[in-house]
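# Understanding the architecture of this molecule
Here is how the chains run, residue by residue.
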Amino acid sequence: MSEKIMIFDTTLRDGEQSPGASLSVPEKIEIARQLEKLGVDVIEAGFPVSSPAQFQAVERIAAECGVIVAGLARAKELDIKKAAEALEAAKKPRIHTFSSTSDYHIFGKFSSDRYGKTLQEKRKTVLQMTIDAVSYARTFFPDVEFSAEDAGRTDIGYLAEIVEAAIAAGATTVNIPDTTGYTLPAEFHDKIMELRKRVKNIDQAVISVHCHNDLGLAVANSLSAIEAGARQIECTINGIGERAGNASLEEIVMALKVRKDRMDYYTNINTREIYNSSRMVSGFTGIIVQPNKAIVGENAFAHESGIHQDGMLKNRETYEIMTPEDVGVEKTKIVLGRHSGRHGLKSRLIKLGYSLSEEELNKIYDLFTKLADKKKEIYDDDLRTLMGDEVLKRNHLYTLERVQVLMGTNSIPTASVQISHEGEKLLDSATGDGPIDAIFNAIDRTLNTSFTVESYQVRSVTAGRQAQGEVHLRIKDKESAFTGRGVSTDILEASAKAYLQAINMLTMEKLNKQTVREESLANAV
Ligand code: KIV
Ligand code: ZN
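Residues numbered from 1 in each chain as written. Chains lettered and ligands numbered in written order. Predicted model: local features only at pLDDT ≥ 70, side-chain atom pairs only at ≥ 80, totals over all residues. Heavy atoms only, no water.

## A closer look at the overall build of the protein
Test applied: Counting from the N terminus, the helices are the DSSP runs of H or I reaching at least four residues and the strands are the DSSP runs of E reaching at least two. Two things to know: the radius of gyration comes from C-alpha atoms, and the globule rule equals 2.2 Å times the number of residues to the power 0.38. Whether a residue is buried, partly exposed or exposed follows from its accessible area with a 1.4 Å probe, protein chains only, as a fraction of its type maximum: under 20%, in between, or over 50%, in that order. Note on definitions: a residue-residue contact is assigned when non-hydrogen atoms from the two residues lie within 4.5 Å. Residue exposure ignores everything except the shown protein chains as possible cover, and the areas themselves are Shrake-Rupley values with a 1.4 Å probe. We count Lys and Arg on the positive side and Asp and Glu on the negative side, and we leave His and both chain ends out. For this purpose, a charge sits on NZ of Lys, CZ of Arg, CG of Asp or CD of Glu.
Secondary structure summary: the protein contains 16 helices and 18 strands in total. Relative to a compact globule of 525 residues, whose C-alpha radius of gyration would be 24 Å, the protein shows 25 Å and is just as compact. With respect to the three principal axes, the spread of C-alpha positions in the protein is 75 × 75 × 45 Å. Across the 525 residues of the protein, 54% fall into the buried class. The long-range fraction of contacts in the protein, counting pairs at least 24 apart against all pairs at least 6 apart in sequence, stands at 66%. When the accessible area of the protein is evaluated, it comes to approximately 23,700 Å², of which 51% is carbon and sulfur surface. Separation between the mean location of the 65 positive side-chain charges and that of the 75 negative ones in the protein comes to 1 Å.

## Some words on the nonpolar core
What counts here: Grouping buried Ala, Val, Leu, Ile, Met, Phe, Trp, Tyr and Cys residues that are joined through side-chain atoms within 4.5 Å yields what is termed a nonpolar core. Domain delimitation follows an automatic or database domain assignment.
Counting 112 residues, the largest nonpolar core has I43, I61, V163, I176 and V209 as its most contacted members. For this core, the element with the highest residue contribution is helix α6 (residues 156-169), accounting for 9 residues. Each of domain 1 (3-285) and domain 2 (342-393) accounts for three or more of the residues forming this core. If near-sequence neighbours (up to four positions away) are discounted, I176 is found in contact with A151, L159, V163, F188, I192, L195, I207, S208, V209 and H210. Counting 28 residues, the second-largest nonpolar core is a separate cluster that includes L426, L492, A498 and A502.

## As for the site of ligand 1
Inclusion rule: Throughout this document, a residue counts as near a molecule or strand when at least one of its heavy atoms sits within 4 Å of that molecule or strand. Between N or O atoms, a polar contact is any pair within 3.5 Å; within protein, one atom must be a potential hydrogen donor and the other a potential acceptor, and residues adjacent in sequence are included only when both atoms are from side chains.
Every residue lining ligand 1 is accounted for by R13, D14, H96, F98, S147, E149, N175, P177, T179, H210 and H212. One of the side-chain nitrogen or oxygen atoms of R13 is found 3.0 Å away from an oxygen atom of ligand 1. Within the side chain of H212, a nitrogen or oxygen atom sits 3.0 Å from an oxygen atom of ligand 1. Summarising the interface, the protein chains cover 94% of the accessible area of ligand 1, which totals 260 Å² for the free molecule. For the shell around ligand 1, the secondary structure elements donating two or more residues are β5 (92-100), β6 (144-149) and β7 (173-178).

## A closer look at the coordination of the zinc ion (ligand 2)
Here is the rule: Sites may look incomplete because water is not among the atoms; the donors themselves are N, O and S atoms within 2.8 Å of the metal, or within 3.2 Å for Na, K and Ca.
Binding of the zinc ion (ligand 2) to the protein goes through D14 (OD), H210 (NE2) and H212 (NE2), at separations of 2.0 to 2.1 Å. Mapped onto the polypeptide sequence, the residues donating to the zinc ion (ligand 2) form the spacing pattern D-x195-H-x1-H. Remark: H212 occurs in the loop between β8 (206-211) and α8 (218-228) and D14 occurs in the loop between β2 (6-9) and α1 (25-38); sequence separation between them is 198 residues. By relative accessible area, which is 2% here, D14 ends up buried.

## What to know about the domain arrangement of the protein
Much of the literature gives interface size as the accessible area that the parts lose upon coming together. The condition that has to hold: Values labelled buried area give the accessible surface lost by two parts on being combined, using a 1.4 Å probe and summing over both. Just to be clear on terms, a salt bridge is a Lys or Arg side-chain nitrogen sitting within 4 Å of an Asp or Glu carboxyl oxygen. Residues are grouped as follows: nonpolar covers Ala, Val, Leu, Ile, Met, Phe, Trp, Tyr, Cys and Pro; charged covers Asp, Glu, Lys and Arg; every other residue, Gly included, is treated as polar.
Domains assigned within the protein are domain 1 (3-285), domain 2 (342-393) and domain 3 (399-513). Between the C-alpha centres of domain 2 and domain 3 the distance comes to 23 Å. Taken together, the 12 residues of domain 2 in the interface contact 13 residues of domain 3. Taking both partners together, domain 2 and domain 3 bury about 1,100 Å²; carbon and sulfur atoms supply 48% of that area. At the junction of domain 2 with domain 3, the criterion picks out 0 salt bridges. Joining domain 2 to domain 3, the criterion identifies 1 residue pair in polar contact (both at pLDDT 80 or more). When contributions to the side of domain 2 that touches domain 3 are tallied by element, the ones reaching two or more residues are α13 (358-374) and α14 (380-391). Here the element with the most residues in the side of domain 2 that touches domain 3 is α14; it accounts for 6 residues. The residue inventory of the side of domain 2 that touches domain 3, partitioned by class, reads 2 nonpolar, 2 polar and 8 charged.

Below, the structure written as C-alpha cells:
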C-alpha cells in the first residue's frame with residue numbers, strides 16, 4: 001500500500017541562510033501562507049533565539065498556521081526556552097533541536113577541554129547534552145525533533161547510539177542530515193538501513209533526512225533515503241539554502257509523483273501550487289531561478305529544436321514526462337492593463353498566492369496604476385516583483401524619492417539623489433566612472449556610507465521594449481553580504497533602488513544586533 005512521505009519545508013530557516021537572502025517578517029508570513037496552501041506538513045519558521053526578527057517571524061507564523069510549525073534550537077536551555085516561547089500560540093508546535101555528531105564538528109565546536117579531553121569524552125558530553133535537550137524540549141511539547149548535525153560524516157556506531165538516546169529521551173522524529181552534502185546515494189541508503197538495524201527503539205520515531213546539495217546529490221540522496229525507510233523529507237522551495245542549497249521540494253515531490261510506478265509513495269502537496277510558491281520565494285529572496293532548473297525553471301517546459309517541437313505537436317508525451325499545468329504553470333501570462341480595476345488586480349494577486357490586507361491592496365493598486373501608465377500590459381511577473389519589491393518589504397528605513405543622472409559621450413556621469421529617512425529629506429550628488437557608479441557614489445555621499453559591490457546583474461522581468469528592468473546586487477560590509485533588488489522601467493532607477501534596499505537590509509541587521517546586545521545587557525543587570 002502507498003505510504004505517505006511527510007514534507008518538512010525549511011525555506012524560511014535553512015533557505016533563508018542562503019548567501020545574501022534575507023526576508024522581512026511580512027514576507028515570511030506570506031510565504032508561510034503559500035506553503036500551507038501548497039500542502040506541506042511542517043513549516044520550519046526560523047531559529048527564534050538567533051534574533052528578535054527570527055523570534056517574531058516564528059511567533060506570528062505559529063499563531064497563524066494550522067500545520068506543524070517548527071522552531072530550531074541548539075541543544076541549549078536558552079535556545080529551547082526561546083523556541084517554546086515563540087511557538088506558544090501554535091496549534092501544532094514542534095521544537096527542533098540539534099547536536100553536532102561528526103568528529104569534524106565535535107573537534108571544531110567542542111575543542112575546549114571543558115567538554116572532555118579525548119574524542120570519547122567529548123562524544124559522551126554531546127550525548128548527555130542531547131539527552132538533556134530532548135528531555136527539556138519534551139517538557140514544553142509532545143512533538144520534538146532531534147537532528148544529528150553532519151550525520152552524513154558521523155561514525156555509524158556513535159550515530160546509532162545518539163539516535164537511540166534521543167528517542168529514549170522523547171524525540172518523536174529523528175533527522176539524519178547530510179549537512180555537508182558529502183554522501184553518495186547508495187551510501188546514504190545504507191546508512192539509513194544500518195540505523196534501522198542498530199537502533200532498538202527506531203520504530204518509536206519517524207526517520208527524517210535533510211540533504212544539502214554540495215555535490216548536486218541532495219534530491220538523489222533524499223529519494224534513496226525514502227527507499228531505505230525515511231518518511232519525512234526536509235527540503236526548500238527552489239532548493240535554496242546554505243552554500244549549494246538544500247534538496248529541492250519541487251524535484252522530490254514531482255519525482256515521487258511521476259515515478260510512482262517505481263516508488264509507491266505519496267505526499268500531501270498540491271503540485272499545482274508549485275510554480276506560484278517558486279516565484280514567490282524567488283521574488284522575495286531575490287534569488288533568481290536558473291532557467292534550466294528542473295520543474296520550475298523558465299526552460300523546464302520549452303522545446304527549442306525542430307525535432308522536439310514536431311514530436312510535441314504530434315504527442316506531448318514524446319518529450320514531456322509531466323505537463324506545465326501539473327506544476328501550476330499557466331500558458332497565458334498577460335493579465336492586466338491600464339483599465340483594469342482594483343477587483344481584477346486583487347483577484348489576480350490572490351490567484352498568484354498572495355493574501356492582501358486592505359492597506360496592502362491600496363499600496364499595490366497605486367503602484368500598479370503608475371506602472372500601467374508606463375507599460376501597456378502588466379504580466380504576472382510584473383505583479384510579483386511589485387509585491388516583493390514594494391509592498392511587503394517593511395524595512396524601508398531609507399526610501400528613494402528621486403534620482404537624476406547627467407551623462408553623454410565625453411561627459412562625466414553625474415548623479416543626484418534624494419532619499420527620505422524618518423521624515424527628513426537627504427540629498428547629494430556625485431560623479432562616477434559610469435552612470436551606475438555615479439548613482440552609488442551619490443547614495444554613499446548622502447548616507448555617509450561606502451560599500452564594495454560584489455555582484456551586479458540586470459535582467460528584464462518580462463519581454464518587450466517596455467519591460468521592467470530588475471537589478472540584483474550584493475554589497476559587502478566587513479564580513480557580511482547583503483542583497484538588494486530594484487525594479488523599474490528605468491534600469492538606472494532600478495539600480496538605485498537595489499543599492500538602497502541592500503543598505504536597508506544591512507542597517508536593519510545592525511539595529512537588530514544592537515537590540516539583542518541591549519536585551520542581554522538588561523538581562524545581565
Ligand atoms: O544541515 C543541517 O545539518 C541543518 C540542521 C540544523 C538540521 O540544517
Ligand atoms: Zn541544513
